[in-house]
Amino acid sequence: MMDYVCALDAGTTGVRAIAVDASGRPFAQCYREFTQHFPRPGWVEHDATEIAEAIIAVTVELIGAVGAAPLAFGITNQRETVVAWDRRSGAPLHRAIVWQDRRGADRCEALRADHYDLIRTTTGLVPDPYFSATKLEWLFTTGGVASGPEVAVGTIDTWLLWGLTGGQVHATEPSNASRTMLFDIATMSWSPELCELFGVPAHVLPDVVETSGRFGTTRDVTGIPDGIPISGIAGDQQAALFGQACFEPGMAKNTYGTGSFVLLNTGESLPEPTDGLLTTVAWQLCDAQPVYAVEGSIFSTGSAVQWLRDGLGIITAADDLEGLALSCDDAGGVVVVPAFTGLGAPWWDPSARGTITGLTRGSGRAQLARAVIDAMVFQTRDVVDAMTAATGRELTELRVDGGAAVMDLLCQDQADQLATPVVRAADVETTALGAAFLAGLAEGFWSGPDHIADLLGTGTRFDPSGVPDDEAFTQWHRAVQRSRDFA
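> Please explain the overall build of the protein chain as it appears in this structure.
Of the regular secondary structure elements, the protein chain holds 15 helices and 23 strands. Compactness check: the protein chain gives a C-alpha radius of gyration of 21 Å against a globular reference of 23 Å for 487 residues, within 12% of the reference. Seen through its C-alpha atoms, the protein chain measures out along the principal axes to roughly 60 × 55 × 45 Å. With 487 residues in all, the protein chain has 61% of them scored as buried. For the protein chain, restricting intrachain contacts to residue pairs at least 6 apart in sequence, the fraction spanning at least 24 positions comes to 71%. When the accessible area of the protein chain is evaluated, it comes to approximately 17800 Å², of which 48% is carbon and sulfur surface. Treating the 31 positive side-chain charges of the protein chain as one cloud and the 61 negative ones as another, the clouds have centres 5 Å apart.

> Would you mind going over the nonpolar core with me for this structure?
Nonpolar side chains in soluble globular proteins tend to end up buried together. Counting residues in hydrophobic clusters, the biggest one holds 116 residues, and the most contacted among them are Leu-182, Phe-198, Phe-242 and Leu-321. By residue number, the principal contributor to this core is helix 11 (residues 365-391), which donates twelve residues. Setting aside chain neighbours within four positions, we find Leu-182 in contact with Thr-123, Ala-133, Leu-136, Trp-190, Ser-191, Leu-194, Cys-195, Phe-198, Val-200 and Leu-205. Grouped together as the second largest cluster of nonpolar side chains are 37 residues, Tyr-4, Ala-52, Leu-62 and Ile-156 included.

> Before we go on, may I ask you to explain the sheet that holds strand 22 (residues 422-424) in this structure?
Pairing within the open sheet is mixed, and its seven strands lie in the order 17-18-16-15-21-22-23. Each edge of the open sheet carries a strand with a single partner, namely strand 17 (278-283) and strand 23 (460-462). Strand-to-strand twist across the sheet, computed as the mean angle between neighbouring axes with direction ignored, equals 30 degrees. With three bridges joining them, strand 22 and strand 23 adopt antiparallel strand pairing.

> Whenever I open this one, the packing of helix 1 (residues 48-66) against helix 5 (residues 156-164) confuses me. Can you help?
To characterise two packed helices, one gives the angle between the axes of the helices and the distance between these axes. For the pair helix 1 and helix 5, interaxial distance at closest approach is 10 Å and the crossing angle is 60 degrees. In this view, helix 1 runs oblique relative to helix 5, as classed from their interaxial angle. For helix 1 against helix 5, the interelement crossing comes out right-handed. Facing Ala-48, Thr-49, Ile-51, Ala-52 and Ile-55 of helix 1, the residues of helix 5 in contact are Ile-156, Trp-159 and Leu-160. Residues that form the contact of helix 1 with helix 5 fall into these classes: seven nonpolar, one polar and no charged.

Calculation rules
- Residues numbered from 1 in each chain as written.
- Predicted model: local features only at pLDDT ≥ 70, side-chain atom pairs only at ≥ 80, totals over all residues.
- Heavy atoms only, no water.
- Helix = DSSP H or I, 4+ residues; strand = E, 2+ residues; numbered from the N terminus.
- Rg over C-alpha atoms; globule rule 2.2 N^0.38 Å.
- Buried < 20%, exposed > 50% of the residue type's maximum accessible area, 1.4 Å probe, protein only.
- Contact = heavy atoms within 4.5 Å.
- Areas by Shrake-Rupley, 256 points an atom, 1.4 Å probe, with all protein chains shown as cover.
- Lys, Arg positive; Asp, Glu negative; His and termini not counted.
- Charge placed at Lys NZ, Arg CZ, Asp CG, Glu CD.
- Core = buried A, V, L, I, M, F, W, Y, C linked by side-chain atoms within 4.5 Å.
- Pairing = 2+ DSSP bridges.
- Axes fitted to C-alpha atoms, helices over the stretch in contact; angles between N-to-C directions.
- Parallel < 35°, antiparallel > 145°, perpendicular 65-115°, else oblique.
- Left-handed = near helix turned anticlockwise from the far one by under 90°.
- Nonpolar A, V, L, I, M, F, W, Y, C, P; charged D, E, K, R; others polar.

Laid out in structure tokens, this is it:
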């Protein structure tokens, strides 16, 4: 019987359970999508009960397929998305408000005028509806959620941990807490001043414990044995940084998921705020100091592929994108700025909206597909350029993962635009690997970060094939300016 750690990956559009063996390789997984709700333009919600049920279903399916229960669970999750629920019944009090949701945009504009420095210096973030605080404020002021002692709130990791432990553990960890706009990343605690500003009472918030360590054990979940440790939790992007073995300061990764997120490990020293970028907690291992990261958050990359598939019907499956894009030499001057929910780093413009420029009678499906891939590449270059300018450190390589990273076209174009080697992980689902590694470290399944780095080895390398296409990049920036201040 094979020993393994199970990573529970609760993403934005689906959940999966992945079994990882002692060699650090996934050998089985189960996946299920869940419903996306768009009650108003710019609003995005999820049914938290549906997410919990989907997690249980894929976990039960995986255990059945493997024929044994895991030694431990690790959890990784879409960040910033918030749930409020009743401690007594365990029932959600409102649909989960998703990180993509923009209903707090007006509130954030006011915060920029009056409280920007407080938020920036305390949390490492900027006032933006992307983060959790204005979502929680809306739930309490407009969403009909009371603030009594029976109410609990949390990000998706906290919601799943509560359910998997039978309502016994209400906790999170620093990588997720640092995305709420309520957490002081210097003191590693909830900020009373920010909780008061957003009207979030302290008693509704989860305890914050270390990223790698035993949070609790499974209890009273149909189909899952009692007593299995839940021993590692991290937000998806920090989990991917860990899963890419970016353990040393200066190492960076980009995950091409629903959005794309470039993270640069800055070590145990809290960096100064950097214009256009975020400071976040990467992780905190057992009995160790927190590790910080600088992050560039790009809101729409994989979601643009979904838009081509579901909104326009240009492709029938995400896997069709690369082949269609390769059927033309380039985008033919077409530029797609996928600012469906505003622009993230380095622009931070919640009022931006998606645009298509450069259309001619010769533009077709292939050019749009190529332009969507170009948008992934150009947005990443924007963030990396900002990081280089802020830190004075040139990247020696960019490690990449996530669903879109399977495309050789994307990886090669990215290397060309950055004039830097791009290294694709051997397994592009490094988010789940990171969660598994964090749990396995806590339970002694792996001996330490060096052990994990040795297991991962090297991935596929894409070296720059020429000088960056600065003319196309300039055209991209012209299109970005047309998308800004639109809503």
